[in-house]
Amino acid sequence: MKQFDVAVIGAGAAGMMCAAEAGKRGRRVVLIDHADKLAEKIRISGGGRCNFTNINAGPANFLSQNPHFCKSALSRYTPQDFLALVKKHRIAHHEKHKGQLFCDVSAEDIIGMLKAECAVGNVHWRMPAKVDSIEPGEDGGFTVYTDTGVVNVQSVVIATGGLSIPKIGATDFGYRIAKQFGLKLVETRPALVPLTFDAQEWAPFVPLAGISLEVDVETGSLKGRNPDGARFREDLLFTHRGLSGPAILQISSFWQPGTPIVINLLPEMDVAQELTAAKQSTKKQLGNVLSQWLPARLADGLLLAHSFNSEARLADMPDAQLRKLGQLLNQWTITPDGSEGYRKAEVTRGGVDTRELSQQTMMANKVPGLYFIGETVDVTGWLGGYNFQWAWASGVAAGQVV
């Protein structure tokens, strides 16, 4: 039986960050993970280049039933703090879009940096090692039973992530431990995920698969537009089963089953006004006019799907029809029937209820010495490096006190 101060379960972004921080404070840390390959989620992120933070990250970029919870950790460990670490390790990086920072070469650079930081803190590794159970110790602390032996510790940090991408090892382990120790959970569901539609209803749009364009997308209500809903301007991608691309991944975290999303396919234009004005001066057919503004395949597909004649002369069309078409393009309102699920979701929404945790330390209020960090917790970031920033910030918050 090995004696350590701290066991960190899960050697992903949050777990390695926490272990390194605690180790540098002189704590004897053991980092335990069931995977054969270290930090696979970091490795595949950002197309293999790891969108490791967002320079604009702040509390407004996160969803939680308890939205104030993330403020403390995020304010104490900022994107600039993580960037300083990246620069210290001389990792070449660049800003791509809207504050998103990526490695120039490979996500392996971030994994290597975290391993090196763990080495500075003399972190011990147990990997691959499966945790069978965690039990309260008789004189305080915890006993961690693994398939490679038993570990006695004063503190346990759960950093096992959510349910997203099960093929690289995601499990519900963190939620099971939370339940075992009497902590409440917020219902989980896939987030940052492509949305799908009823196959019969989507059939007219299947030929549009592969088309991409920048749109405004917002959450709707059963009455149509929702003035209080979330809204993003990003790229949208048509797929064989529905919609994807950054715009849809963003809105998916806010979308509620049974409600529509509203898409403005031409956000810089009042389409009805433009069509009505063009009617006075053009002899062009409707499809040709629209293909000046939209990809031709999309213009023809949308007209066909909504029973407009693309060969009709614009000049011959009633204004009421043009207004109807303008509304379709500026407020295309459609109701998904679901999502591509955890297999395609970048993150998990929900998790350990943050009202059960200290926002300063991430420790469970009812269970001294038990901490939850990263994606296991009910804090979900937008697309674009925000979830990594939560991993770093929550990892440091626990690592500084554990």
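Quick caveat, the model's predicted, so the values are computed rather than measured.

### Observations regarding the domain arrangement of the chain
So, point 1. Here the chain is described as being made up of domain 1 (4–190 + 348–400) and domain 2 (195–339).
So, point 2. One C-alpha centre belongs to domain 1, the other to domain 2, and the line joining them spans 39 Å.
So, point 3. Both faces considered, domain 1 and domain 2 share a buried interface measuring about 830 Å² in area, 48% of it formed by carbon and sulfur atoms.
So, point 4. The three residues of domain 1 that bury the most area against domain 2 are Arg189, Trp382 and Leu383, which together make up 54% of that side's buried surface.
So, point 5. A salt bridge links Lys98 to Glu234; the nearest nitrogen and oxygen atoms lie 3.6 Å apart.
So, point 6. Taken together, the connections running from domain 1 to domain 2 amount to five residue pairs in polar contact (both at pLDDT 80 or more).
So, point 7. Looking at the side of domain 1 that touches domain 2 residue by residue, the classes come out as four nonpolar, one polar and three charged.

### With respect to the pattern of salt bridges
So, point 1. Applying the stated rule across the entire model yields 18 salt bridges.
So, point 2. The salt bridge involving Arg233 is made with Glu268; its shortest N-O contact spans 2.5 Å. Of the two residues, Arg233 sits in strand E17 (residues 231–238) while Glu268 sits in the loop between strand E19 (261–264) and helix H9 (271–279), which places them 35 residues apart along the sequence.
So, point 3. You can call Arg233 partly exposed: its relative accessible area is 29%.
So, point 4. Glu268 gets classed as exposed once you look at its relative accessible area, which sits at 69%.

### Structural notes on the pairing of strand E3 (residues 29–32)
So, point 1. Judged by which residues are buried, E3 turns out to be covered on both faces: Val29 and Leu31 on one side and Val30 and Ile32 on the other are all buried.
So, point 2. Pairing between strand E2 (residues 6–9) and E3: four bridges, direction parallel. Residue pairing across strands places Val8 opposite Leu31, the latter belonging to E3.
So, point 3. In this fold, E2 hands off to helix H1 (residues 13–24), which returns the chain to E3; that crossover is right-handed.
So, point 4. Where E3 and strand E8 (residues 124–126) come together, three bridges link them in parallel fashion. Bridging across to E8, Leu31 finds its partner in Trp125.

### Thoughts on the packing of aromatic side chains
Geometry of an aromatic ring pair is reported as the spacing of the ring centres plus the angle between the planes.
So, point 1. Overall, the coordinates contain 14 aromatic pairs when judged by the stated rule.
So, point 2. Between Phe82 and Trp392 the ring centres are 4.2 Å apart and the planes differ by 5°, which places this aromatic pair in the stacked class. Of the two residues, Phe82 sits in helix H4 (residues 79–88) while Trp392 sits in helix H13 (residues 386–399), which places them 310 residues apart along the sequence.
So, point 3. According to the relative accessible area criterion, Trp392 is buried, its value standing at 0%.
So, point 4. Centre to centre, the rings of Phe205 and Trp332 are 5.3 Å apart; their planes meet at 55°, and the pair counts as tilted. In this pair, Phe205 sits in the loop between helix H7 (199–202) and strand E15 (212–221) while Trp332 sits in strand E20 (residues 332–334), placing the two residues 127 residues apart along the sequence. Each member of the pair, Phe205 as well as Trp332, is classed as buried.

Calculation criteria
Residues numbered from 1 in each chain as written. Predicted model: local features only at pLDDT ≥ 70, side-chain atom pairs only at ≥ 80, totals over all residues. Heavy atoms only, no water. Domains from an automatic or database assignment. Buried area = accessible area lost by both parts, 1.4 Å probe. Salt bridge = Lys/Arg side-chain N within 4 Å of Asp/Glu carboxyl O. Polar contact = N/O pair within 3.5 Å; in protein donor to acceptor, adjacent residues only side chain to side chain. Nonpolar A, V, L, I, M, F, W, Y, C, P; charged D, E, K, R; others polar. Helix = DSSP H or I, 4+ residues; strand = E, 2+ residues; numbered from the N terminus. Buried < 20%, exposed > 50% of the residue type's maximum accessible area, 1.4 Å probe, protein only. Pairing = 2+ DSSP bridges. Right-handed = clockwise from strand over helix to strand, strands pointing away. Phe/Tyr/Trp six-rings, centres within 6.5 Å; stacked < 30°, edge-to-face > 60°.

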